[in-house]
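The primary structure of each chain is shown beneath.
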Amino acid sequence: MIDDPRRRWQLIYQTKVPSDLSWYQPIPQQSMEFVRSTCLPPDSPILDVGGGTSTFVDHLLAAGFTDITVLDLVPAALVEAEVRLGAAACRVHWIAEDITAWRPVRRYRLWHDRAVFHFLVDPALRARYVDVLRAALAAHGHVVMATFGPNGPTHCSGLDVKRYSAHELSAVLGPSFLLVRSQIVEHITPAGRTQEFLYGWWQAQA
Ligand SMILES: C[S@@+](CC[C@H](N)C(=O)[O-])C[C@H]1O[C@@H](n2cnc3c(N)ncnc32)[C@H](O)[C@@H]1O
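Small disclaimer: the values here were computed from a predicted structure and weren't measured.

Criteria and cut-off values
Residue positions are given per chain, counted from 1 along the sequence in the order it is written. Only residues with pLDDT of at least 70 get local features here, since the model is predicted, and only at 80 or more are side-chain atom pairs given and counted; chain-wide, interface and lining totals rely on the full set of residues. Computation of side-chain values covers all heavy atoms of the structure but excludes hydrogens and water. UniProt positions are given in the numbering used here, feature names are shortened, and annotations may be inferred rather than shown by experiment. Here a helix means four or more residues in a row that DSSP labels H or I, a strand means two or more in a row labelled E, and each is numbered from the N terminus. DSSP bridges decide pairing: two strands pair if at least two such bridges lie between them. Fitted lines through C-alpha atoms give the axes, limited to the stretch in contact for helices. The angle between two N-to-C directions lies from 0 to 180 degrees. Both site types are read off a 1 Å grid over the protein atoms alone. A 1.4 Å probe that fits but cannot get out defines a cavity, while an open set with protein on both sides within 12 Å along at least five of seven lines defines a pocket; lining residues have an atom within 4 Å of a point. Grid points are joined across faces, edges and corners, and a volume is the space filled by probe spheres set on the points. Gly is placed with the polar residues, together with every amino acid not listed as nonpolar (Ala, Val, Leu, Ile, Met, Phe, Trp, Tyr, Cys and Pro) or charged (Asp, Glu, Lys and Arg).

**Some words on the UniProt feature "domain: Methyltransferase" (unreviewed entry) in the protein chain**
Those residues carrying the UniProt feature "domain: Methyltransferase" (unreviewed entry) are residues 46–135 in this numbering. Secondary structure across residues 46–135 divides into 34% helix and 23% strand, with the first and last C-alpha atoms of the span separated by 14 Å.

Have a look at this one:
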């Protein structure tokens with residue numbers, strides 16, 4: 001077992017094509033529905049945390065968003081997404097960083113995280129994640145997070161995860177974030193297995 005998280009994720013990306021990864025979605029339907037619900041204008045800064053090779057960025061670009069940042073621990077995953085996007089990749093900011101150690105230099109009106117936070121099983125790393133979120137989010141900014149739900153998997157890609165209800169995730173974010181809506185969604189993996197996800201949308205109160 002490799003201890004360094006970056007190397008573990010690198011290995012996962014080296015051994016599978018994006019469409020074979022268990023979390024793969026050709027269309028990030030729920031994420032895009034939440035984005036539309038925020039009614040954010042197209043020039044709003046959006047951050048996709050742990051975006052990896054996700055097609056979320058493709059759909060944001062297609063929806064007309066012009067200020068998109070994708071951050072991930074694994075540079076090769078970002079390069080893979082850039083290659084897929086071709087010329088459109090230069091309209092996106094790409095950041096290869098560990099979200100728990102990142103120091104944001106600007107603020108975002110939407111923080112999106114699908115299937116990243118639930119891998120933070122160490123409470124100290126979760127606390128750092130929330131600190132970074134607070135530092136990166138604009139006043140009254142939106143947070144859309146998707147984690148494994150209460151009946152979701154207990155492991156993913158050989159890694160431990162922590163499962164959440166909307167109430168538990170709200171407690172992690174703290175009282176300055178108002179839960180606007182949550183939804184339980186069954187994700188079907190490329191191998192045909194069902195995984196329960198919890199999607200939530202919060203808005204910062206200041
Ligand atoms: C399960 S994948 C989800 C990818 C993408 N969000 C999606 O829904 O398709 C988790 C992603 O989080 C990234 N990741 C894991 N820990 C991270 C960290 N501490 N900081 C930034 N990215 C991280 C991994 O490299 C991987 O791309």
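**Some details on the sheet that holds strand β1 (residues 46–49)**
Strand order in this open sheet of seven strands is β3-β2-β1-β4-β5-β9-β8, and the pairing throughout is mixed. Two strands bound the open sheet, and with one partner strand each, they are β3 (92–96) and β8 (177–188). The sheet shows a mean angle of 15 degrees between the axes of neighbouring strands, direction not considered. In this structure, strand β4 (residues 108–114) lies alongside strand β5 (residues 137–148), joined through six bridges in parallel fashion.

**As for the layout of surface pockets**
Taken as a whole, the largest pocket encloses approximately 770 Å³ of empty space. The wall of the largest pocket is formed by 40 residues, among which W9, L73, A115, V116 and F119 lie closest to the centre. Counting only elements with at least two residues in the lining of the largest pocket, the list comes to α1 (5–15), β1, β2 (68–72), β4, α5 (123–136) and β7 (159–160). Here the lining of the largest pocket takes four residues from α1, the largest share from any one element. In terms of residue class, the lining of the largest pocket is built from 21 nonpolar, 10 polar and nine charged. Of the pockets and cavities examined, the second largest pocket occupies roughly 180 Å³. In terms of lining residues, the second largest pocket is bounded by 15 residues, among which K16, D20, L21, S22 and R193 are the most central. Taken together, the residues of the lining of the second largest pocket sort by class into seven nonpolar, five polar and three charged.

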